[in-house]
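# A structural walkthrough
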Amino acid sequence: MCPIPLPLLQIAVFSPVYSPFFGVMGATSAIVFCCFGAAYGTAKSGVGLTSMGVLRPDLIMKGVVPIIMAGIIGIYGLVVSVLIGNGFSQTMSLYAGFIQLGAGLSVGLAGMAAGFAVGIVGDAGVRASAQQPRLFTGMILVLIFAEVLALYGLIVALILNTKASDSKC
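Definitions and cut-offs
Just so you know, the residues in each chain are numbered from 1, in the order the chain's sequence is written. Under the rules for a predicted model, residues below a pLDDT of 70 receive no local features and side-chain atom pairs below 80 are neither given nor counted, while totals for whole chains, interfaces and linings still include all residues. Only hydrogens and water are set aside when side-chain values are computed; all heavy atoms of the structure are taken into account. Nonpolar cores are built from buried Ala, Val, Leu, Ile, Met, Phe, Trp, Tyr and Cys residues. Side-chain atoms within 4.5 Å join them into one set. Only protein chains enter the accessibility calculation, which uses a 1.4 Å probe. A residue is then buried if its area is under 20% of the maximum for its type, exposed if over 50%, and partly exposed in between. A run of H or I in DSSP becomes a helix once it reaches four residues, and a run of E becomes a strand once it reaches two; helices and strands are each numbered from the N terminus. A contact between two residues is defined here by any heavy atoms of the two lying within 4.5 Å. Counting rule for disulfides: a pair of cysteine sulfur atoms within 2.5 Å. To obtain each axis, a line is fitted to C-alpha atoms, and for helices this fit is confined to the stretch in contact; angles are then taken between N-to-C directions over 0 to 180 degrees. Orientation labels follow simple angle bins: below 35 degrees gives roughly parallel, above 145 gives roughly antiparallel, 65 to 115 gives roughly perpendicular, and whatever is left gives oblique. Under this grouping Gly is polar, as are all residues other than the nonpolar Ala, Val, Leu, Ile, Met, Phe, Trp, Tyr, Cys and Pro and the charged Asp, Glu, Lys and Arg. What makes a patch is a set of residues exposed beyond 30% relative accessible area and free of salt bridges, joined within 9 Å when like-charged and within 5 Å when nonpolar (Val, Leu, Ile, Met, Phe, Trp, Tyr). Throughout, the Shrake-Rupley method with a 1.4 Å probe supplies accessible areas, and for residues the shown protein chains are the sole cover considered. In the sections that follow, a salt bridge refers to a side-chain nitrogen of Lys or Arg positioned within 4 Å of a carboxyl oxygen of Asp or Glu. Any two of the Phe, Tyr and Trp rings considered here, Trp counted by its six-membered ring, make a pair once their centres fall within 6.5 Å; the pair's planes then place it as stacked at under 30 degrees, edge-to-face at over 60, or tilted in between. Over a ring means this: the NZ of a Lys or the CZ of an Arg is within 6 Å of the ring centre and within 35 degrees of the ring normal.

Within the largest apolar cluster, 27 residues are counted, with the highest numbers of intra-cluster contacts made by Met52, Ile73, Val80, Val107, Val118, Met139 and Leu143. Of all the secondary structure elements, the ones that give two or more residues to this core are helix 2 (19–55), helix 3 (65–86), helix 4 (94–131) and helix 5 (135–166). The leading source of residues in this core is helix 5, at eight residues. Every residue in contact with methionine 52, bar those within four places of it in the chain, is listed here: Leu59, Ile60, Gly63, Val126 and Ala130.

To continue, consider the state of the cysteines. Scanning all chains against the criterion turns up zero disulfides. This cysteine, cysteine 34, is not joined by any disulfide, and cysteine 35 carries the nearest cysteine sulfur, 7.0 Å off. Taking the relative accessible area as the measure of exposure, cysteine 35 reaches 36% and is therefore partly exposed.

The next thing to look at is the packing of helix 2 against helix 3. If you want to describe how two helices pack, look at the angle between their axes and the distance between the axes. Contact geometry for helix 2 and helix 3: axes closest at 8 Å, N-to-C directions at 175°. By the angle between their directions, the pair helix 2 and helix 3 is classed as roughly antiparallel. Within the contact between the two elements, helix 2 uses Gly23, Gly26, Ala27, Ala30, Ile31, Cys34, Ala38, Gly41, Thr42, Ser45, Gly46 and Leu49 and helix 3 uses Pro66, Ile67, Ala70, Gly71, Ile73, Gly74, Gly77, Leu78, Val80, Ser81 and Ile84. Partitioned by chemical class, the residues of the contact of helix 2 with helix 3 number 13 nonpolar, 10 polar and no charged.

Before going further, it helps to spend a moment on the packing of helix 2 against helix 4. Across the interface, helix 2 lies against helix 4 with an axial gap of 7 Å and an inter-helix angle of 0°. If you check the angle between helix 2 and helix 4, you find them roughly parallel. Of the residues in the contact of helix 2 with helix 4, the class split is 22 nonpolar, 17 polar and three charged.

What follows concerns a nonpolar patch on the surface. Taken together, Ile68, Ile72, Ile75, Val79, Leu83 and Leu158 make up a surface patch of nonpolar side chains, about 450 Å² in accessible area. Broken down by element, the nonpolar patch gets its largest block of residues, five residues, from helix 3. Summarising the element assignment, leucine 158 is placed in helix 5.

Scanning the model with the defined rule gives five aromatic pairs in all. Residues phenylalanine 22 and phenylalanine 98 carry aromatic rings whose centres are separated by 4.6 Å and whose planes lie at 50° to one another, so their mutual orientation is tilted. Placement of the pair is phenylalanine 22 in helix 2 and phenylalanine 98 in helix 4, with a sequence separation of 76 residues. Residue classification places phenylalanine 98 among the partly exposed residues on the basis of a relative accessible area of 42%. Judged by centre distance (6.4 Å) and plane angle (50°), the ring pair of phenylalanine 33 and phenylalanine 36 falls under tilted. Residue phenylalanine 33 and its partner phenylalanine 36 are located together in helix 2, separated by three residues, close to a single helical turn. Using a relative accessible area of 23% as the deciding quantity, one classes phenylalanine 33 as partly exposed. Joined through ring pairs, the aromatic side chains of Tyr18, Phe21, Phe22 and Phe98 make up one cluster. For the cation-ring pair, lysine 62 lies above phenylalanine 136, with the distance from its terminal atom to the ring centre recorded as 4.4 Å.

All we've got here are geometric facts, nothing functional implied.
Written out as structure tokens, the structure reads:
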């Protein structure tokens, strides 16, 4: 005869006390890595903007576009972190914790890569478009392709997070 009732034993096996740790790490990964990417993109593009602004101060408002796009990447991480945080419970399954970790890492690492790309393209593109204004449209297109990398991570994270909320012990 088992001293622990079967339903409690199932909860202990499928919902260990450390399960929420993985969800918390997912939420942390989402915001931290996305903010790393957004900060790098903002800083790198900002350096290009200030360099360009010395010679062409009339183009500063057009050159702010990469900085705005870098900031949006941080918002993706914030959204996923809040959604993951809303799914926390004390008796969550290990499966849900791992899914939340995967969701956070997918948006976080994709956001970091996109932020690096936006920063490098924004820096070079803003400087180049100050010398040749026809390059502005091309810069915007490349920035969109760089930004969509973070959007892919956001989509995967949202799909994963819905799977975590569907899991039951």
